[in-house]
Amino acid sequence: MDKIFEAIQISAKRIKTAIDVKDIGYSQQENSSGETQLELDIKCDMIIAEEFSRVEDVNTISSEEKEHAEVLHENGKYFISYDPLDGSSLIDVNLSVGSIFGIYEGNFGSQNMVAACYVVYGPRVEMVFAYNKVKLYLLQAGDFEFVKEVRLTQKGKLMAPGGTQQNWPLYHKAMIDGFFAEGYRLRYSGGMVPDLHQILLKGGGLFSYPATSDKPEGKLRRLFEVFPFAFVYEKAGGIAINGHERLLDLGYAHLHDTSPCFFGTEYEVKRVKEVYADNA
Ligand SMILES: O=P(O)(O)OC[C@H]1O[C@](O)(COP(=O)(O)O)[C@@H](O)[C@@H]1O
Ligand SMILES: [Mg+2]
Ligand SMILES: [Mg+2]
């Protein structure tokens with residue numbers, strides 16, 4: 001695990017350097033979710049694949065930017081799914097972006113997940129690594145320094161409601177309106193990593209990306225985005241569900257499958273469960 005942690009740190013530093021370069025064009029390619037890839041998405045993907053290829057413990061990697069998984073070392077025990085650059089369309093407007101990693105033993109699958117990690121490229125570069133505990137690191141003069149352990153409370157103040165409101169189910173809209181009526185504050189940048197990072201570090205709240213009329217299975221990808229964050233939130237004492245079930249109990253049929261998702265603290269997620277049970 002130490003070698004994987006190290007490879008992620010090296011990747012993060014290289015990605016930060018790549019982000020800082022001025023020219024970022026669109027490529028001529030689409031990823032498996034039908035999105036046109038930025039040159040930067042492809043570059044970050046290459047950086048991560050290259051760093052993991054040096055770690056013999058890594059058996060297979062699967063990237064949001066590639067259709068198929070790639071075997072690196074047949075005798076390695078770890079399988080890693082990753083989103084090399086989450087929220088990459090926000091680079092143009094200089095908002096924070098991130099990288100997300102799910103680490104599994106034996107094969108991909110939420111039940112096999114043993115660790116998860118994400119990196120936030122903001123005014124500073126931070127990394128959260130969830131293994132036995134959830135730990136926050138800050139990039140300082142070329143090295144990631146441990147800052148603190150992260151724990152969620154039972155009730156927060158922030159609300160990050162994803163998806164186009166016009167396409168939300170009416171009961172979902174009523175639920176979100178209800179939270180705002182209770183005093184929750186809107187915190188949504190459109191980058192999953194900084195949006196979930198903010199809720200995690202500020203003690204709690206709710207991030208939601210529901211099933212919508214245009215995306216009945218949600219937008220966010222199980223292996224690359226949803227499972228890793230579900231692992232981080234649960235390890236920090238939070239809850240992560242798809243409206244009804246625990247996200248980490250869900251399987252997947254294809255590497256790029258998506259799922260509606262809700263991450264947060266107990267008070268808010270309990271409400272989601274009640275509202276979704278009443279409207280099943
Ligand atoms: O604009 P929307 O529909 O709320 O979607 C925002 C979500 O899409 C994403 O940008 C998807 O990630 P990618 O940039 O990796 O495709 C998430 O970071 C974010 O939470
Ligand atoms: Mg993403
Ligand atoms: Mg991405």
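Here the structure is shown first, and the text comes after it.
Here the structure is a predicted model, which means the values were calculated and not measured. (Residues numbered from 1 in each chain as written. Chains lettered and ligands numbered in written order. Predicted model: local features only at pLDDT ≥ 70, side-chain atom pairs only at ≥ 80, totals over all residues. Heavy atoms only, no water.)

Considering the coordination of the magnesium ion (ligand 2)
Listed as protein donors to the magnesium ion (ligand 2) are D83 (OD), D86 (OD) and E225 (OE); their distances from the metal cover 1.8 to 2.1 Å. In the primary sequence, the donor residues of the magnesium ion (ligand 2) line up as D-x2-D-x138-E. Distance-wise, the magnesium ion (ligand 3) is placed 3.5 Å from the magnesium ion (ligand 2), both being coordinated by D83. With D83 in strand 5 (residues 78–86) and E225 in helix 5 (residues 222–235), this residue pair connects regions lying 142 residues apart in the sequence. Both residues of the pair, D83 and E225, belong to the buried class. (Donors = N, O, S within 2.8 Å, 3.2 Å for Na, K, Ca; no water. Helix = DSSP H or I, 4+ residues; strand = E, 2+ residues; numbered from the N terminus. Buried < 20%, exposed > 50% of the residue type's maximum accessible area, 1.4 Å probe, protein only.)

As for the site of ligand 1
Taken together, 18 residues sit near ligand 1, with D86, G87, Y188, M192 and Y209 positioned nearest. G87 places a main-chain nitrogen or oxygen 2.7 Å from an oxygen atom of ligand 1. At 2.8 Å from an oxygen atom of ligand 1 is found a main-chain nitrogen or oxygen belonging to M192. Computed on the free molecule, ligand 1 has an accessible area of 480 Å², of which 84% lies beneath the protein chains in the complex. Per-element tally for the shell around ligand 1: the top contributor is strand 5, with 3 residues. Taken together, the residues of the shell around ligand 1 break down into 6 nonpolar, 5 polar and 7 charged. Here the shell around ligand 1 gathers at least three residues from each of two domains, domain 1 (2–149) and domain 2 (158–278). (Near = heavy atom within 4 Å. Polar contact = N/O pair within 3.5 Å; in protein donor to acceptor, adjacent residues only side chain to side chain. Areas by Shrake-Rupley, 256 points an atom, 1.4 Å probe, with all protein chains shown as cover. Nonpolar A, V, L, I, M, F, W, Y, C, P; charged D, E, K, R; others polar. Domains from an automatic or database assignment.)

So, unusual backbone geometry
For N94, which is not a glycine, the phi torsion comes out positive at approximately 60°. Checked against the element boundaries, N94 lands in the loop between strand 5 and strand 6 (97–105). What makes N94 exposed here is its relative accessible area of 71%.

Brief notes about the sheet that holds strand 7 (residues 113–121)
Across the sheet, which stays open at both edges, the 8 strands sit in the order 4-3-5-6-7-8-9-10 with mixed pairing between neighbours. At either end of the open sheet lies a strand with only one pairing partner, and these are strand 4 (70–71) and strand 10 (143–149). With 8 bridges joining them, strand 6 and strand 7 adopt antiparallel strand pairing. The residue bridging G98 from the neighbouring strand is V120, located in strand 7. (Pairing = 2+ DSSP bridges.)

As for the packing of aromatic side chains
The full count for this structure, using the stated rule, is 16 aromatic pairs. Among the aromatic residues, ring-to-ring pairing joins Y118, Y188, F207, F229, Y233 and F263 into one connected group. The ring of F146 carries K135 above its face, with NZ or CZ at 5.8 Å from the centroid. Positioned above the aromatic ring of Y267, the side-chain terminus of K155 is 4.6 Å from the ring centre. (Phe/Tyr/Trp six-rings, centres within 6.5 Å; stacked < 30°, edge-to-face > 60°. Lys NZ or Arg CZ within 6 Å of the ring centre and 35° of its normal.)

What about a positive patch on the surface?
Taken together, the side chains of K155, K157, R185, R187 and K202 present a region of like positive charge at the surface. Residue placement: K155 occurs in the loop between strand 10 and strand 11 (158–161). (Patch = residues over 30% accessible without salt bridge, like charges linked within 9 Å, V, L, I, M, F, W, Y side chains within 5 Å. Salt bridge = Lys/Arg side-chain N within 4 Å of Asp/Glu carboxyl O. Lys, Arg positive; Asp, Glu negative; His and termini not counted. Charge placed at Lys NZ, Arg CZ, Asp CG, Glu CD.)

What to know about the pairing of strand 15 (residues 261–264)
Alternating positions in strand 15 separate into two faces, C261 and F263 on one and F262 and G264 on the other, with burial throughout. One ladder, built from 3 bridges, connects strand 14 (residues 239–241) with strand 15; its direction is antiparallel. Each bridged residue has a counterpart across the sheet, and for A240 the counterpart in strand 15 is F263.

Points about the side chain of N242
With respect to the secondary-structure elements, N242 resides in the loop between strand 14 and strand 15. By relative accessible area, N242 is classed as buried at 15%. For N242, the side chain forms a polar contact with the main-chain nitrogen of H244, separated by 2.9 Å. Reaching out from N242, the side chain makes a polar contact with the backbone nitrogen of E245 at a distance of 2.7 Å. For N242, the contacting residues outside a window of four places in its chain are L247, L250, S259, P260, C261 and F262. (Contact = heavy atoms within 4.5 Å.)

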